[in-house]
Amino acid sequence: MKNLFSLQGQAIGHLKDQVDSNIVAAVSDPTAVDCPLVFVSRSFEKMTGYSADYCLGRNCRFLQPNIPEFNKRINGDELMRMREFCTRVHPKGHSITNLLLNEQRCGN
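Calculation rules
All residue numbers refer to position in the chain's written sequence, counted from 1. Totals for whole chains, interfaces and linings use every residue, but because this is a predicted model, local features are given only for residues with pLDDT of at least 70 and side-chain atom pairs only at 80 or more, for both listing and counting. Calculated side-chain values reflect all of the structure's heavy atoms, with hydrogen atoms and water omitted. Patch members must show over 30% relative accessible area and no salt bridge, and they are joined within 9 Å when carrying like charges or within 5 Å when they are nonpolar side chains of Val, Leu, Ile, Met, Phe, Trp or Tyr. The protein chains shown are the only cover counted for residues, whose accessible areas, like all others here, come from Shrake-Rupley with a 1.4 Å probe. Salt bridges are defined by distance alone: a side-chain nitrogen of Lys or Arg within 4 Å of a carboxyl oxygen of Asp or Glu. Strands are runs of DSSP state E lasting at least 2 residues, helices are runs of H or I lasting at least 4, and numbering of each runs from the N terminus. Burial classes follow relative accessibility: with a 1.4 Å probe on protein chains only, a residue under 20% of its type's maximum area counts as buried, one over 50% as exposed, and anything between as partly exposed. What makes two residues a contact is simply this: any of their non-hydrogen atoms within 4.5 Å. With a 1 Å grid laid over protein atoms only, a set of points is called a cavity when a 1.4 Å probe fits there but cannot get out and a pocket when it is open yet has protein on both sides within 12 Å along at least five of seven lines; lining residues have an atom within 4 Å of a point. Grid points are joined across faces, edges and corners, and a volume is the space filled by probe spheres set on the points. Charged residues are taken to be Asp, Glu, Lys and Arg, nonpolar residues to be Ala, Val, Leu, Ile, Met, Phe, Trp, Tyr, Cys and Pro, and polar residues to be all remaining types, Gly included. Note on ring pairs: Phe, Tyr and Trp rings are taken, using the six-membered ring of Trp, and paired if centres are within 6.5 Å. Classes follow the plane angle, with under 30 degrees stacked, over 60 edge-to-face and the rest tilted. When the NZ atom of lysine or the CZ atom of arginine is within 6 Å of a ring's centre and also within 35 degrees of its normal, the charge is said to sit over that ring.

**Student:** Even after reading the chapter, I still don't get a nonpolar patch on the surface, so can you show me in this structure?
**Tutor:** On the surface, Ile 67, Phe 70, Ile 74 and Leu 101 cluster together into a nonpolar patch covering about 340 Å² of accessible area. Here Ile 74 is to be found in helix H4 (residues 68-86). The class of Ile 74 is partly exposed, set by a relative accessible area of 42%.

**Student:** Explanation requested: the environment of Cys 35 in the structure shown.
**Tutor:** For Cys 35, the location among the structural elements is in the loop between strand E1 (26-28) and strand E2 (37-40). Accessibility expressed as a relative area gives 24% for Cys 35, which makes it partly exposed. For Cys 35, the contacting residues outside a window of four places in its chain are Ser 28, Asp 29, Pro 30, Arg 58 and Asn 59.

**Student:** Hey, could you run me through the layout of surface pockets in this one?
**Tutor:** To find leftover empty space, one rolls a probe the size of a water molecule over the atoms. One number sums up the size of the largest pocket: a volume of about 1,300 Å³. Lining of the largest pocket is provided by 30 residues; of these, Ser 28, Cys 35, Cys 60, Met 82 and Cys 86 occupy positions nearest its centre. When contributions to the lining of the largest pocket are tallied by element, the ones reaching two or more residues are E1, helix H2 (42-48) and H4. At five residues, the largest contribution of residues to the lining of the largest pocket is made by H4. Taken together, the residues of the lining of the largest pocket break down into 17 nonpolar, nine polar and four charged.

**Student:** Hey, could you run me through the packing of aromatic side chains in this one?
**Tutor:** Each aromatic ring pair is characterised by the separation of its centres together with the angle its planes make. Tallying each qualifying case throughout the model produces three aromatic pairs. Ring geometry for Tyr 50 versus Tyr 54: centroids 5.1 Å apart, planes at 25°, classification stacked. Judged by its relative accessible area of 26%, Tyr 54 falls in the partly exposed class. Centre to centre, the rings of Tyr 50 and Phe 62 are 4.8 Å apart; their planes meet at 75°, and the pair counts as edge-to-face. Within this pair, whereas Tyr 50 is found in the loop between H2 and helix H3 (52-55), its partner Phe 62 is found in the loop between H3 and H4, the two being separated by twelve residues in sequence. Of the two residues, Tyr 50 and Phe 62, both sit in the buried class. Linked through ring pairs, Tyr 50, Tyr 54 and Phe 62 together constitute an aromatic cluster. The aromatic ring of Tyr 54 is capped on one face by Arg 58, whose charged end is 3.7 Å from the ring centroid.

Laid out in structure tokens, this is it:
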């Protein structure tokens, strides 16, 4: 699976070796089904407790709180905005920023 989602192309390829060790970064592929992660930085792995092997190829919703009612109360509005954004066609360069509460692998 890791090879399937290995970094390709210059735009993301340089991230793998050049992302500052203090930068927590995750990149997903919005053109693929369910928007899977295609890159996570070493700092992302340290902060979340999830290895790149686990993350690559998965949608990042595994980071959201495991208690559905709590997740809906805390992240519901932002999740709705993100869902609406992702289901529409936008001009090139259009973006969205969301702030979601996530959990570490240990549950913190």
